[in-house]
Amino acid sequence: RKGFVPTSITQSWCLSQPGVPEKRHLELRLPDGFTYQPGDHLYVLPRNNPQNVQRVLSRFHLEGDMLLTLTRSQSLGLPANTPISASDLFAAYVELRQIASPKGILALADATPDSCTQTILRDLAGDLFKVEIQDKYVSVLDLLERFPTINPSIGLFLSLLTPMRPRAYSFSSSPNEKPGYGTLTYTVVGSAVHDGEASAVQGIASNYLATLRHHATLYIALHPCTADFRLPSENSRPLVMVAAGTGLA
């Protein structure tokens, strides 16, 4: 994607004990000429869980290496008029775990000939939306698997999804400690198990980062912070340090 460059993973390990939300450390070998200051952050391009990608491929009877071409009218910010493999399209370009919207659920209702399914979906898009969809983090893909009579085109399915958003992470390292490298310290969202069940909320980016090991490639873009967020140049200035969830920000 424009503005993003590849970087190599040099270290990756877990910092936390079992039974709590997983905290992880990640070190990156930054590209040549890539410099940052304390307080800066970077955007990373995540990928969907391979299991969710396979769910889509199975639902639409697609092979992962099958080439698809989206017309410009269907592109929705996706690569248009150029062949792309089905696995890459559903892994890197759209968010598969996004909660279905009421408008999207009604579109699914129009894509099934079964009147009973239509009635249920319209109820889910109306009075039952918060309890049955929003609170349970139900996605469009979940609904397609729950109601097999829904028969949307791939174009309709893509139109009900949102493009994959880059995620921002602050550096947890000093650029002076190890020039040319930077570290991220993050929580794997959804990694905690409560009452024997995994969380319904699975962070796309944090779970993707947790799968990366030594020599893996990650696409990043640097975003300097505002001047007000930088450390003062005068050493005599008083500072307040705040722990922001994962560690010292």
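In this text, all values refer to a predicted model and were calculated from it rather than measured experimentally. Chains are numbered independently. Their residues run from 1 in the order of the written sequence. At least 70 in pLDDT is required for a residue's local features to be given in this predicted model, at least 80 for side-chain atom pairs to be given and counted, and no such filter applies to totals for whole chains, interfaces and linings, which use all residues. To get the side-chain values, all heavy atoms of the structure are used, and hydrogens and water are removed first.

Undergrad: Can you lay out the nonpolar core for me, pointing to particular residues and giving the numbers?
TA: What makes a nonpolar core is a set of buried Ala, Val, Leu, Ile, Met, Phe, Trp, Tyr and Cys residues whose side-chain atoms join them at distances within 4.5 Å. The buried label goes to any residue with under 20% of its type's maximum accessible area, the exposed label to any with over 50%, and the partly exposed label to all in between, with areas taken from a 1.4 Å probe on protein chains only. Among the nonpolar cores identified, the biggest contains 35 residues, and F90, I105, L143 and F157 are the most heavily contacted of them. For F157, the contacting residues outside a window of four places in its chain are V56, F60, F90, L96, V140, L141 and L144. With 21 residues, the next largest nonpolar core counts V188, A205, A210 and L218 among its residues. Contact definition: two residues touch when any of their heavy atoms are within 4.5 Å.

Undergrad: Outline helix α4 (residues 115-125), listing residues and values.
TA: In an α-helix, one turn spans 3.6 residues; hence positions three or four apart end up facing the same way. Under the DSSP-based scheme used, a helix requires at least four consecutive residues in state H or I and a strand at least two consecutive residues in state E, with every element numbered from the N terminus. Taken together, the buried positions of α4 are T117, Q118, L121, L124 and A125. Each buried residue of α4 sits inside an arc of 125° when the element is viewed along its axis, so together they form one side. Buried residues along α4 sit in contact with α3 (102-109), α5 (129-134) and α6 (140-146). The arc in question is traced by the directions running from the helix axis to the C-beta atoms.

Undergrad: Can you lay out the pattern of salt bridges for me, pointing to particular residues and giving the numbers?
TA: By definition, a salt bridge exists where a carboxyl oxygen of Asp or Glu is found within 4 Å of a side-chain nitrogen of Lys or Arg. What the rule picks out here adds up to 11 salt bridges. Close ionic contact of R97 with D142 constitutes a salt bridge, the shortest N to O distance being 3.2 Å. Remark: D142 occurs in helix α6 and R97 occurs in the loop between β6 (94-95) and α3; sequence separation between them is 45 residues. Of the residues examined, D142 reaches a relative accessible area of 21% and is grouped as partly exposed. Bridged by salt links that share partners, the residues R55, R97, D142 and E145 form one connected network.

Undergrad: Run through the side chain of R59, naming residues and quoting values.
TA: Here R59 is to be found in helix α1 (residues 50-59). In this charge count, Lys and Arg are treated as positive and Asp and Glu as negative; neither His nor the chain ends contribute. Buried and unpaired, R59 has no salt bridge, with E145 as the nearest side chain of opposite charge at 6.9 Å. Identification of polar contacts relies on pairs of N or O atoms within 3.5 Å, with a donor-acceptor requirement for protein atoms, meaning one able to donate a hydrogen and the other able to accept it, and with residues adjacent in sequence counted only if both atoms are side-chain atoms. A distance of 3.1 Å separates a polar atom in the side chain of R59 from the backbone oxygen of L144. Those residues within four positions of R59 in sequence are excluded, and the remaining contacts are L144, E145, F147, P148 and I150.

Undergrad: Let's hear about the environment of Q11: which residues, and what values?
TA: Checked against the element boundaries, Q11 lands in strand β1 (residues 5-14). When the C-alpha atoms of Q11 and H214 are compared, they prove to be 5.8 Å apart, with 203 residues separating the residues in sequence. Those residues in contact with Q11 that sit more than four places away from it in its chain are H25, L26, E27 and K178. A distance of 3.4 Å separates a polar atom in the side chain of Q11 from a polar atom in the side chain of H25.

Undergrad: If you had to explain the packing of α3 against α4 to someone new, which residues and values would you point to?
TA: Under this scheme, a helix contributes an axis fitted over its contacting stretch, all axes are lines through C-alpha atoms, and angles between N-to-C directions fall in the 0 to 180 degree range. Between α3 and α4, the least distance of the axes is 8 Å, while the angle of their chain directions is 175°. In this view, α3 runs roughly antiparallel relative to α4, as classed from their interaxial angle. From α3, P102, I105, L106, L108 and A109 reach across to α4, where they touch Q118, L121, R122, L124 and A125. Of the residues assigned to the contact of α3 with α4, the class counts are eight nonpolar, one polar and one charged. Angle categories are assigned with fixed cut-offs, so that under 35 degrees is roughly parallel, over 145 is roughly antiparallel, 65 to 115 is roughly perpendicular, and the rest are oblique. Following the grouping adopted for this structure description, the nonpolar residues are Ala, Val, Leu, Ile, Met, Phe, Trp, Tyr, Cys and Pro, the charged ones are Asp, Glu, Lys and Arg, and the polar ones are all others, Gly among them.

Undergrad: Can you explain a nonpolar patch on the surface? Please cite residues and give values.
TA: Candidates for patches are residues over 30% relative accessible area with no salt bridge; among them, like charges are joined within 9 Å and nonpolar side chains (Val, Leu, Ile, Met, Phe, Trp, Tyr) within 5 Å. Per-residue accessibility takes into account occlusion by the displayed protein chains alone, with areas from the Shrake-Rupley method and a 1.4 Å probe. Nonpolar side chains collect at one region of the surface, where Y137, V189 and V201 lie side by side and expose about 210 Å² of accessible area between them. With respect to the helices and strands, the residue Y137 is situated in the loop between α5 and α6. A relative accessible area of 35% means that Y137 is categorised as partly exposed.

Undergrad: Summarise the sheet that holds strand β2 (residues 23-29); cite the residues concerned and give the values.
TA: Any two strands between which DSSP finds at least two bridges are classified as paired. Read across the sheet, six strands follow the order β8-β3-β12-β1-β2-β9 without closing on themselves; strand pairing throughout is antiparallel. Only two strands of the sheet have a single partner each, and these edge strands are β8 (167-170) and β9 (181-187). The sheet shows a mean angle of 40° between the axes of neighbouring strands, direction not considered. Here β2 pairs with β9 via seven bridges, running antiparallel. Paired with K23 across the two strands is T187, which belongs to β9.

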